[in-house]
Amino acid sequence: MISHHQPVRAAVDEAGSGTDTTASPVPPDALIILPVRETVLLPGTVFPISIGRERSIAAAQQAVREERQIGILMQRDAAVADPTGLDLHRMGTIANVLRYVNAPDGTHHLVVQGEQRFRVDAFLRERPFITARVQRIEEPETLTPDLEARFRHLKQQALEALELLPQAPRELISTVQSIAAPGALADLVAAYLEISADAKQELLETVDLTARIDKIAKLMAERLEVLRLTHEIGQQTKAAFDQRQREAVLREQMATIQRQLGEGEGRSAEVQELSEKITRAGMPAEVEEQARRELRRYERMPEGASEAGMVSTYLDWLLALPWALKDEKSIDIAEARRILDDDHFGLEKIKQRIVEYLAVRKLAPHGKAPILCFAGPPGVGKTSLGQSIARAMDRAFVRVSLGGVHDEAEIRGHRRTYVGALPGTIIQGIRKAGARDCVMMLDEIDKMGQGIQGDPSAAMLEVLDPEQNATFRDNYLGVPFDLSRVVFIATANMLDTIRGPLRDRMEIITLAGYTDDEKLQIARRYLVKRQLDANGLAPEQAEIDDEALRQVIHAYTREAGVRGLEREIGRVMRSAAVRIAEGSTTHVRIALEDLTPILGAAHFESEVAMRTSVPGVATGLAWTPVGGDILFIEAARSPGRGTLILTGQLGDVMRESAQAALTLVKSRAASFGIAAEVLEKHDIHIHVPAGATPKDGPSAGVAMFTALVSLLTGRTVRSDTAMTGEISLRGLVLPVGGIKEKVIAAARAGLTRVMLPARNKRDYDDIPEDARKRLEFIWLERVDEAIVAALEPLPAS
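Residues numbered from 1 in each chain as written. Predicted model: local features only at pLDDT ≥ 70, side-chain atom pairs only at ≥ 80, totals over all residues. Heavy atoms only, no water.

(A) Quick look at the packing of helix α17 (residues 516-534) against helix α19 (residues 563-582). The contact between α17 and α19 brings their axes to 10 Å, and the two run at 50°. As summarised for this structure, α17 and α19 are arranged oblique, according to the angle between their axes. Seen along the crossing, α17 lies across α19 with a hand that is right-handed. Contacts between α17 and α19 involve K519, A523, L527, V528, R530, Q531 and L532 on the former and, on the latter, L565, E566, I569, G570 and M573. For the contact of α17 with α19, the per-class residue count stands at seven nonpolar, two polar and three charged. (Axes fitted to C-alpha atoms, helices over the stretch in contact; angles between N-to-C directions. Helix = DSSP H or I, 4+ residues; strand = E, 2+ residues; numbered from the N terminus. Parallel < 35°, antiparallel > 145°, perpendicular 65-115°, else oblique. Left-handed = near helix turned anticlockwise from the far one by under 90°. Contact = heavy atoms within 4.5 Å. Nonpolar A, V, L, I, M, F, W, Y, C, P; charged D, E, K, R; others polar.)

Here it is as structure tokens:
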């Protein structure tokens, strides 16, 4: 097919240097050569060309400098980055450089106009750009009757193609009509033909004008056939559309005649079926009245009416929803405990709270139970807990993903006035579950956004309020739907992003990360079996021992949950599957020494001892949305004027903690044996590594104070100790949050001692038993206690 758009860009090569390369003058009988990729310039056409290779830039600049013409030659192989004369076609086009542009972004552009064909006699030199001695090829000026007949035929083909093309420019039609030279017309048509660059090169190398016009006319005949068929298909489509309109009118007339003759309605069977379904649906009176009102409207509509489809879809939604409530099933608490224990290892307090929730639902099935929200890092089992609750209650389970929802209509639905309107995700979930008393998991409720279409968090207020959701009104349905029997369970990673009123409607149950022993048990009980099934392996074909699993947990994953652990176990099982599929063995046992060839070098290693081996480095504990973590506080001093320098992308609160720590050190310098001139004549630099990660909060105060005292006294911090806590200018250690996650992170990192604020003893019971056994807890009232417990004594001189 012919394109009516002028080609606007010929990609010559990659972006390159913008340096002006000066070369010696080109001999008068030589032509500067510019190699191009996948592009053929035909005489009489104008092309913009982008250049980037040094030799191409040098060639273009030399041609502009000497006001010379340039030869455009296409490469035989576009993949050659630095072509020589042997890599170029021998036939090309001599062009005038109309414009040379050096763009601000460093790219170079040429606008060239093809003038005449040429053939290379010999390449003269390759550097700094290619030059050649060429032979210009003249077009025949005599117009024989045979050539004139071919010329007129080609012009007729071109004009017919332009007429068939939609929105063809009138200027192009006028140009074709005004061309008097057969060669110019042939080259113009060839330039606009949608054919490959090699095919255009063949037309460029066809010097005989008669043969060239014959080739182009043959190509044009093929393109014209395609254009004619396209035009014919378009006409048939339009005729079919007109025919459908005619049939709609005839159907309406036929329906009118049938009503006059009393021969029944065209839709009588369908309307009767819908009416029976409404009767059996068990709808509330208000909903049934609305459904029958819409059914009467549908009955009166002509079959061709556009609104008939919208009403039919609306009735389908009303009939598909589970209006009637099934008989309440009794909850077996013992069975619920068994299901929770089978599906999840550990999480004893969480499972106990779920059992309490189920017990209340059993004793008061019509009561207003709280909305549970499982909050915790990814991969700790929030979604699977919801599925276990559904199994324990023997109810249907449906998951509604709220991540990225920023439109209120996605919760409440769109009004039926809009084309393609649908109910919101809540009603869609009810229809998918097929039960009004299902368990609905509102996943990632903390990821809801807010846009110009409204706030979906505000719409969720009605959904999650037991006092209101019995009459939830979806915009699409326009009638109330009772959500009071739905068991809503939400999940979130961060509670800070959940709006206060919405958080107030939920009971937050926090899931911290797993300890290493818990991960080992989860891997042994669940993950290995799941990956064996996923990779088509039987338990007797592949196994992995406990030491290998511990190494995967310690050296290849560092996370609060177990998703990364399951991925690594999957990689191990896939390697076993390959060996078994190849037939090299029938049983694979993965031991500790087999991990490195499969998983590569360890991804994580304990760096606490290495980091804290010099004075001025302390190990702190941090809370993140994906669980606890350790971080290092590094302090250094240099000659200066007592300035405090803070780096590591610290937030305002953390910067203030650093300033408070330095002030506290200065006020107690004498008691620590720190000379005043040391603080006056040195700048103090505090840095928290992982500088690309923003950090904030007051809990690093103790670690910063300890790092500063360590730096200024020359005593190193114990490598087995981590600490957290806010400090005051009076030297008090104040309580902080996230103790459970921080302690688990310390145990996961291989530490054996943690220093915590004494007022956080209330959080001790929340810490997993495994972490409590592995760690020594030091409770701090004042910062002096931290220095005594954390710093090593000075080495003997």
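Right, picking up where we left off after that structure.
(B) View of the nonpolar core. Ranked by internal contacts, the top residues of the largest apolar core, which has 55 residues, are I72, L154, V189 and I216. Per-element tally for this core: the top contributor is helix α4 (residues 182-192), with seven residues. Aside from chain neighbours lying at most four places away, what touches V189 is L154, A158, I216 and M220. With 53 residues, the next largest nonpolar core counts L358, L511, L527 and A542 among its residues. (Core = buried A, V, L, I, M, F, W, Y, C linked by side-chain atoms within 4.5 Å. Buried < 20%, exposed > 50% of the residue type's maximum accessible area, 1.4 Å probe, protein only.)

(C) Highlighting the pattern of salt bridges. Considering all chains together, one arrives at 42 salt bridges under this definition. The shortest N-O distance in the salt bridge between E148 and R152 comes to 3.0 Å. Pair noted here: E148 and R152 are both in helix α2 (residues 145-164), with a separation of four residues, about one helical turn. Judged by relative accessible area, which is 54%, R152 ranks as exposed. (Salt bridge = Lys/Arg side-chain N within 4 Å of Asp/Glu carboxyl O.)

(D) Looking closely at helix α18 (residues 546-556). All buried positions along α18 are accounted for by A548, L549, V552, I553, A555 and Y556. Of the surrounding elements, those touching the buried residues of α18 are α17, β15 (542-544), α19, β16 (588-590) and α20 (595-599).

(E) Spotlight on unusual backbone geometry. Each neighbour pair has its own omega, and for R127 with P128 the value is -5°, a cis peptide bond. For E38, which is not glycine, the phi dihedral falls at a positive 55°. Looking at the secondary structure, you find E38 in the loop between β2 (31-36) and β3 (46-51). For E38, a relative accessible area of 55% puts it in the exposed group.

(F) Representation of the side chain of T45. Secondary-structure assignment places T45 in the loop between β2 and β3. For T45, a relative accessible area of 4% corresponds to the buried category. Only 2.6 Å separates the side chain of T45 from the backbone oxygen of L42, close enough to count as a polar contact. With residues up to four places along the chain from it excluded, the contact list for T45 reads V112, Q113, G114 and A191. (Polar contact = N/O pair within 3.5 Å; in protein donor to acceptor, adjacent residues only side chain to side chain.)

(G) Representation of the environment of L358 within the structure. The residue L358 is located in helix α11 (residues 348-363) in this model. Since its relative accessible area comes to 0%, L358 is described here as buried. Spatially, the C-alpha atoms of L358 and I331 are 7.3 Å apart, while their sequence positions differ by 27 residues.

(H) Representation of the pairing of strand β10 (residues 439-443). Within β10, five of the five residues are buried, leaving the element largely enclosed by the surrounding structure. Here β10 shows no split at all, with V439, M441 and D443 on one side and M440 and L442 on the other all buried. Relative to β10, strand β9 (residues 397-401) runs parallel, the two sharing five bridges. By the bridge assignment, S401 is partnered in β10 with D443. Where β10 meets strand β13 (residues 487-492), four bridges bridge the pair, whose relative direction is parallel. Counted as the bridge partner of L442 is A490 from β13. (Pairing = 2+ DSSP bridges.)

(I) Looking closely at the sheet that holds strand β8 (residues 371-375). Ordered by their spatial adjacency, five strands build an open sheet running β9-β10-β13-β8-β14, and the pairing between neighbours is parallel. If you trace the sheet from one side to the other, it starts and ends with β9 and β14 (506-510), each paired once. Averaged over all adjacent pairs, the angle separating strand axes in this sheet is 25°, with direction ignored. Where β8 lies against β13, four bridges are found, and the strand directions are parallel. Directly across from F374, in β13, lies its bridge partner T491. Contacting β8, β9, β10 and β13, helix α12 (residues 382-393) runs over the sheet at an angle of about 175° to β10.

(J) Summary view of the environment of R133. Relative to the elements of secondary structure, R133 occurs in strand β7 (residues 131-137). For the pair R133 and L31, spaced 102 residues apart in sequence, the C-alpha separation works out to 6.2 Å. When sequence neighbours within four positions are dropped, the list of residues in contact with R133 reads D29, V120, D121, A122 and L124. For R133, the side chain forms a polar contact with the side chain of D29, separated by 3.2 Å.

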